[in-house]
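# Remarks on the overall topology
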Amino acid sequence: MRNAKGFTLVELMVVVAVIGILAAIAIPYYNNYKRTACDQAALTDLFNLKAAVQKKLTDDILSSSAVVAADQAAVSAAVDAVLADTTGKYGFPGPTQKCGVKLTNSNGVVTATASQGTDQGVLGWTLDMAGGKEPVAVASGGSGPSKPPITPKPIEPKPIEPGIEPSPVLPPPSPGRPPATLPRELPQPY
């Protein structure tokens with residue numbers, strides 16, 4: 001028998017199979033991470049734009065001797081001015097280039113969408129700059145809410161039966177110590 005060196009075909013096939021399984025698991029996680037990061041970049045750009053628009057409106061009010069109306073048309077004009085500003089005068093550096101974020105203004109309602117890394121799920125956000133509300137997730141192309149907004153349900157207190165006082169919560173007893181009890185009467189100050 002010869003003294004052969006090297007790997008057998010079975011060993012090579014096992015290594016290729018293991019690498020394939022690891023890649024099949026890792027690639028979807030990476031794509032989900034990238035999509036989520038770009039969606040959040042669009043949301044961050046939207047909040048940064050809102051702050052820049054507020055700064056521009058404040059500057060307009062402070063630099064004018066007349067009263068400046070902050071109506072929908074003024075807000076829309078401020079959004080257009082901030083988006084057109086390439087110097088970053090109002091603190092908005094521009095949309096995130098890495099994710100291809102696009103900001104569009106429609107009468108003061110701004111939609112931020114990320115075109116790269118977002119192949120499924122929520123693809124953007126919309127925010128009424130004059131409305132003071134929270135951003136709403138939108139489907140591809142900014143066509144409206146992708147899902148109804150989640151509203152938390154109010155917590156309803158449990159009714160207390162008449163004549164029964166709720167028991168106070170006491171800490172659990174420590175080892176070597178007697179359990180805690182509440183005094184029947186509070187001591188009177190002197």
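As a reminder, the structure under discussion sits directly above these lines.
Cut-offs and rules
- Residues numbered from 1 in each chain as written.
- Predicted model: local features only at pLDDT ≥ 70, side-chain atom pairs only at ≥ 80, totals over all residues.
- Heavy atoms only, no water.
- Patch = residues over 30% accessible without salt bridge, like charges linked within 9 Å, V, L, I, M, F, W, Y side chains within 5 Å.
- Areas by Shrake-Rupley, 256 points an atom, 1.4 Å probe, with all protein chains shown as cover.
- Salt bridge = Lys/Arg side-chain N within 4 Å of Asp/Glu carboxyl O.
- Helix = DSSP H or I, 4+ residues; strand = E, 2+ residues; numbered from the N terminus.
- Buried < 20%, exposed > 50% of the residue type's maximum accessible area, 1.4 Å probe, protein only.
- Pairing = 2+ DSSP bridges.
- Core = buried A, V, L, I, M, F, W, Y, C linked by side-chain atoms within 4.5 Å.
- Axes fitted to C-alpha atoms, helices over the stretch in contact; angles between N-to-C directions.
- Contact = heavy atoms within 4.5 Å.

### Some words on a nonpolar patch on the surface
Judged by side-chain polarity, Val10, Val14, Val18 and Leu22 come together as a nonpolar surface patch covering roughly 370 Å² of accessible area. Within the secondary structure, Val18 is located in helix H1 (residues 9-63).

### Describing the pattern of salt bridges
It is possible for side chains bearing opposite charge to pair when their charged atoms get close. Inspection of the entire model under this criterion finds two salt bridges. In this structure, Lys56 engages Asp60 in a salt bridge whose closest nitrogen and oxygen atoms are separated by 3.0 Å. Taken as a pair, Lys56 and Asp60 lie in helix H1 at a separation of four residues, close to a single helical turn. Given a relative accessible area of 12%, Lys56 falls into the buried group.

### What to know about the pairing of strand S2 (residues 109-114)
Consecutive side chains along a regular strand alternate between the two faces of the sheet. A large share of S2 lies buried, amounting to five of its six residues. As paired strands, strand S1 (residues 101-106) and S2 are joined by six bridges and run antiparallel to one another. When the sheet's bridge partners are listed, Leu103 is paired in S2 with Ala112. Between the antiparallel neighbours S1 and S2 lie two residues, among them Asn107 with a positive phi of about 60°. In this sheet, strand S3 (residues 124-128) lies alongside S2 in antiparallel orientation, the contact comprising five bridges. Along S3, the bridge assignment pairs Thr111 with Thr126.

### Points about the nonpolar core
Note on soluble globular proteins: their nonpolar side chains tend to be buried together. Of all hydrophobic cores here, the largest spans 25 residues; its most connected members are Leu46, Leu49, Leu103 and Met129. Every element with two or more residues in this core is listed here: H1, helix H2 (72-84), S1, S2 and S3. Per-element tally for this core: the top contributor is H1, with nine residues.

### Looking at the sheet that holds S3
Two orientations exist for strands paired in a sheet by backbone hydrogen bonds: parallel and antiparallel. Pairing within the open sheet is antiparallel, and its four strands lie in the order S1-S2-S3-S4. Each of the sheet's edge strands pairs with one partner strand only, and the pair in question is S1 and strand S4 (136-138). Strand after strand, the sheet turns through a mean of 25° between neighbouring axes, direction not considered. Strand contacts of H1: S1, S2 and S3, with the helix running at about 20° to S3, the strand carrying the most contacts. Across the sheet, H2 touches S1, S2 and S3, and the angle it forms with S1 is around 150°.

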